[in-house]
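So you can see what is in the structure, the chains are spelled out below.
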Amino acid sequence: AKQVEIVNMILPEYKKLMEAGTIEVSTTPYFHPIMPLLCDSYSAKEAMPNAVLPNERFMHPEDAAAQLRKGVELYEKTFGKRPSGIWPSEGSVSMEMLPVIAGEGIKWIATDEEILTNSLKRPLRRDDYGHVYDPFLYKPYSVDVQGRKVSMIFRDHVLSDLIGFDYAKMSPEAAASDMVSRLEHIENMLENPAEHIVSIILDGENAWEHFRNDGRDFLVALYTKLSKHPRLRCVTVSEFLDAFEGREELAWVYPGSWISHNF
């Protein structure tokens, strides 16, 4: 009974924080389908030319649209407004699924850095500590989808994995200090820092159970440092995109997910 009581507090708390502008909640297709494969199962061949696929090609973008619509409807029922952004299941994207996204009025989607590097056909350089040399990872992009613009952001894979797999082995203070120092390194590299966003995206439910005190100590240490920092600023994705209208156009999006940029 106590667990049910606590669970029932979560979504109202999210709604309150959203209305205060503290957080933004994205959504995802309802039953977690891999949308590019619903739109066209052969999209797997671009990323995985040797993949053995069923002989019969599966092309049902209307299924992908139904899945996304159900997710959007639940979001609207829960929070009283439609979502601005989505995390497509497993960060899976393709050109064929973008019209489905745009059709629901979604303004932004997020996926992995390897999708960006393969879309641009440009490698991302890092040093031995995982620091990125190339500012293009931290830019917002847009794709023209049948006359509508959909913004895209791409996660920093190393920063995300540090939280997901490494920081639980460190003291909360040391882990938070390491993250802030890495963000400072990025900020120092950028010519116009305010025009860039660092996206850290991970499966939180996998990470926090391994942290001391379920991750609370680390998160308090991290957000305390960020809140007091003179140059780094925490923003929601929509807050950033609304404030900064500049977008680099992506002519094509590589089909794949956040797992090895394939399906």
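As the structure is a computational prediction, the values presented were derived from the model and not from experiment.

Applying the stated rule across the entire model yields 18 salt bridges. When the shortest N-O distance is used, the salt bridge between R155 and D112 registers 2.7 Å. Linking R155 in strand β4 (residues 148-155) with D112 in strand β2 (residues 108-112), this pair joins segments that are 43 residues apart in sequence. According to the relative accessible area criterion, R155 is buried, its value standing at 4%. Judged by its relative accessible area of 0%, D112 is buried. Of the charged contacts in the structure, one is a salt bridge between K225 and E173, with a shortest N-O distance of 2.6 Å.

On the surface, a nonpolar cluster with roughly 350 Å² of combined accessible area is contributed by V7, I10, L11 and Y14. One can find Y14 in helix α1 (residues 2-19). Among the residues examined, Y14 registers a relative accessible area of 38% and is labelled partly exposed.

Let us now look at the nonpolar core. As a rule of thumb, soluble globular proteins bury nonpolar side chains together. If you look at the biggest cluster of nonpolar residues, it comprises 51 residues, and the most contacted ones within it are I101 and I109. With six residues, helix α8 (residues 172-189) is the single largest residue contributor to this core. Contact partners of I109, with chain neighbours within four places excluded, come to I86, P88, V93, L98, I101, V150, S151, M152 and I153. Counting residues in each nonpolar core, the second largest holds eleven residues, with V237, L241, F244 and W258 among its members.

For the rest of this paragraph, the subject is α8. Working note: α-helix, 3.6 residues per turn, so residues spaced by three or four point in the same direction. With 18 residues, α8 should cover 26 Å at 1.5 Å per step; its first-to-last C-alpha distance of 26 Å lies within 8% of that length. Every buried residue of α8 is accounted for by P172, A175, A176, M179, V180, R182, L183, I186 and E187. Mapping the buried residues of α8 onto a view down its axis gives an arc of 155 degrees, with all of them on the same face. Looking at the buried residues of α8, the elements they touch are α7 (157-166) and α10 (216-228).

Moving on to the packing of α8 against α10. Two quantities define a packed helix pair, namely the angle between the axes and the distance from one axis to the other. Interaxial distance between α8 and α10 falls to 8 Å at its minimum, and their mutual angle equals 40 degrees. When the axes of α8 and α10 are compared, the pair comes out oblique. Viewed along their axes, α8 and α10 form a crossing whose handedness is right-handed. Touching P172, E173, A175, A176, S177, M179, V180 and L183 of α8 are D217, F218, A221, L222, K225 and L226, all from α10. Grouping the constituent residues of the contact of α8 with α10 by class yields ten nonpolar, one polar and three charged.

The rules behind each value
Residues numbered from 1 in each chain as written. Predicted model: local features only at pLDDT ≥ 70, side-chain atom pairs only at ≥ 80, totals over all residues. Heavy atoms only, no water. Salt bridge = Lys/Arg side-chain N within 4 Å of Asp/Glu carboxyl O. Helix = DSSP H or I, 4+ residues; strand = E, 2+ residues; numbered from the N terminus. Buried < 20%, exposed > 50% of the residue type's maximum accessible area, 1.4 Å probe, protein only. Patch = residues over 30% accessible without salt bridge, like charges linked within 9 Å, V, L, I, M, F, W, Y side chains within 5 Å. Areas by Shrake-Rupley, 256 points an atom, 1.4 Å probe, with all protein chains shown as cover. Core = buried A, V, L, I, M, F, W, Y, C linked by side-chain atoms within 4.5 Å. Contact = heavy atoms within 4.5 Å. Expected span 1.5 Å × (residues − 1). Arc of directions from axis to C-beta. Axes fitted to C-alpha atoms, helices over the stretch in contact; angles between N-to-C directions. Parallel < 35°, antiparallel > 145°, perpendicular 65-115°, else oblique. Left-handed = near helix turned anticlockwise from the far one by under 90°. Nonpolar A, V, L, I, M, F, W, Y, C, P; charged D, E, K, R; others polar.

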